[in-house]
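One letter stands for each residue in the lines below.
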Amino acid sequence: MTPKLVATDLDGTLLDSRGELSERTRAVLDRLDAAGVPLVVVTARPLRWMTDLWPVVGRHGIGVVSNGAIVYDVAEARIHELEGIEVEAGLALVAAIREQLPNAVFAFEMVSGFAREPAYDEPHHVPDGSPSGTPEEVLTGPAVKVLVKAPGSSPAELRAGVVAAVGDTATPTWSTAGLVEISAAGVTKAAALARVCDRLGIAAADVVAFGDMPNDLALLEWAGTSYAVANADPQVLAVADHVTASNDEDGVALALTGIFDL
């Protein structure tokens, strides 16, 4: 049966290695939209990074950002759902992680903006004028994501330390080496998309999903049909039903063309 909804990750999946949408992929998405098939972007990107990319979702206007913490109504330009980590819980996470990883440094993605500790270095992704200080000073509202780095620790050590510290109190994920992103307990791309599909009356079996990194695993396992791009993490390649071409070869567009006869 032809799927009724498409869900796709952005970076490393739908977008090329420059973080751009190719003309070929854009044309396929336009044809998909004209055919009346909803496309839901399901990304780790924060809301503030999405302004130029919202046209990707077409007239159906749904986006899942920050690994599932926010469901955004594009047509109405408003947050439809927000599941954040409250201030007290966020500070408790910081303390627990520091017991495991004394070298950990933190940043916080909030609806109001981005804030960080002075030692948190991310030259390309820290907005100018972002508050800098201790967690107690800069975590002023619910955190959509708590971001953790540990200079001097390997990516494996960072991940293991955060997972041990967090337990079942929150949801840690990762899509790049040297960074762990923490969402509220139970928050995943899959959980948010499941609620979107429930409102639309679409079953998981009627969803086709695309991804490339471990933070896409739950999404790919939930969807009735799943695709990994050829450049995906080995864990993703192992669980996906199908493998399409890489993100630099318009893999998602190629798969959609065949699935929907576009």
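Here the structure is shown first, and the text comes after it.
Just so you know, these numbers come straight off a predicted model, no measurement behind them. (Residues numbered from 1 in each chain as written. Predicted model: local features only at pLDDT ≥ 70, side-chain atom pairs only at ≥ 80, totals over all residues. Heavy atoms only, no water.)

> Just to check I follow, could you spell out the overall build of the chain for this structure?
Helix and strand counts for the chain stand at 9 helices and 13 strands. In terms of its C-alpha atoms, the chain occupies a principal-axis envelope of roughly 55 × 40 × 30 Å. Counting all 262 residues of the chain, 53% fall into the buried class. If you take every contact in the chain between residues at least 6 apart in sequence, the share linking residues at least 24 apart comes to 55%. (Helix = DSSP H or I, 4+ residues; strand = E, 2+ residues; numbered from the N terminus. Buried < 20%, exposed > 50% of the residue type's maximum accessible area, 1.4 Å probe, protein only. Contact = heavy atoms within 4.5 Å.)

> Explain the side chain of K145 here, please?
Inspection of the secondary structure assignment puts K145 in strand β8 (residues 143-149). At 2.6 Å, the side chain of K145 forms a polar contact with the backbone oxygen of A44. With residues up to four places along the chain from it excluded, the contact list for K145 reads A44, S66, N67, A107, F108, E109, E181, I182 and S183. (Polar contact = N/O pair within 3.5 Å; in protein donor to acceptor, adjacent residues only side chain to side chain.)

> Got a minute to help me understand the sheet that holds β8 in this structure?
Strand-to-strand pairing in sheets goes through backbone hydrogen bonds, with the strands running parallel or antiparallel. The strand order across the open sheet built from 5 strands is β7-β6-β8-β10-β9, with neighbouring strands paired in antiparallel fashion. For this open sheet the edge positions go to β7 (113-116) and β9 (170-173), each flanked by a neighbour on one side alone. Pairwise comparison of adjacent strand axes, ignoring direction, gives a mean angle of 20° for this sheet. Bridging between β9 and strand β10 (residues 180-184) involves 4 bridges; their strand directions are antiparallel. Looking across to β10, one finds that P172 is bridged to I182. With respect to the sheet, helix α3 (residues 87-100) is in contact with β6 (105-110), β8, β9 and β10, its orientation differing from that of β6 by roughly 155°. Sitting on the sheet, helix α5 (residues 155-166) is in contact with β8, β9 and β10, with an inclination near 20° to β10. (Pairing = 2+ DSSP bridges. Axes fitted to C-alpha atoms, helices over the stretch in contact; angles between N-to-C directions.)

> Explanation requested: the environment of L29 in the structure shown.
Among the secondary structure elements, L29 is positioned in helix α2 (residues 23-34). As a C-alpha pair, L29 and R18 span 11 residues in sequence and 19 Å in three-dimensional space. Non-local contacts of L29, meaning those with residues more than four positions away in its chain, are made with L14, L21, L39, V56 and L256.

> Teacher, can you tell me more about the packing of α3 against α5 here?
Helix packing geometry: the angle between the two helix axes and the distance between the axes. α5 packs onto α3 with a crossing angle of 130° between their chain directions and a minimal axis gap of 8 Å. One element, α3, and the other, α5, form an angle in the oblique class. Regarding α3 and α5, the two cross each other, and that crossing is right-handed. For the pair α3 and α5, the contacting residues are L93, A96, I97 and Q100 in the first and G161, V162, A164, A165 and V166 in the second. Among the residues forming the contact of α3 with α5, the class breakdown is 7 nonpolar, 2 polar and no charged. (Parallel < 35°, antiparallel > 145°, perpendicular 65-115°, else oblique. Left-handed = near helix turned anticlockwise from the far one by under 90°. Nonpolar A, V, L, I, M, F, W, Y, C, P; charged D, E, K, R; others polar.)

> Any chance you could explain the pattern of salt bridges here in plain terms?
Opposite charge on two side chains permits them to pair, given that their charged atoms come into close proximity. In this structure the tally under the stated criterion is 14 salt bridges. Here R78 makes a salt bridge to E76, at a shortest N to O gap of 2.5 Å. Taken together, the salt bridges that share partners define one network made up of E81, E83, R195 and R199. (Salt bridge = Lys/Arg side-chain N within 4 Å of Asp/Glu carboxyl O.)

> What's the story with the pairing of β8 in this structure? I'm lost.
Remember that side chains alternate between the two faces of the sheet whenever the strand is regular. β8 sits mainly inside the fold: 7 of its 7 residues count as buried. Here β6 pairs with β8 via 6 bridges, running antiparallel. Bridged to A107 within β8 is L147. Taken together, the 3 bridges between β8 and β10 define a ladder with antiparallel strand orientation. Paired with L147 across the two strands is E181, which belongs to β10.

> Where do I start with the sheet that holds strand β4 (residues 70-73) in this structure?
In space, the 8 strands of this open sheet follow the order β5-β4-β3-β2-β1-β11-β12-β13, with mixed pairing throughout. Two strands bound the open sheet, and with one partner strand each, they are β5 (78-82) and β13 (242-244). Between one strand axis and the next, the sheet turns by 25° as a mean value, whatever way the strands run.

> How should the nonpolar core be read in this particular structure?
By size, the foremost hydrophobic cluster in this structure holds 79 residues, and its most contacted members are V6, I97, V148, V162, I182, L193 and L256. The element that contributes the greatest number of residues to this core is helix α9 (residues 251-260), accounting for 5 residues. Leaving out residues up to four positions away in the same chain, V148 has contacts with I97, A104, V105, F106, L158, V162, G178, L179, V180 and I182. One finds V105, A107, V126 and L147 within the second-largest nonpolar core, a separate group that totals 7 residues. (Core = buried A, V, L, I, M, F, W, Y, C linked by side-chain atoms within 4.5 Å.)

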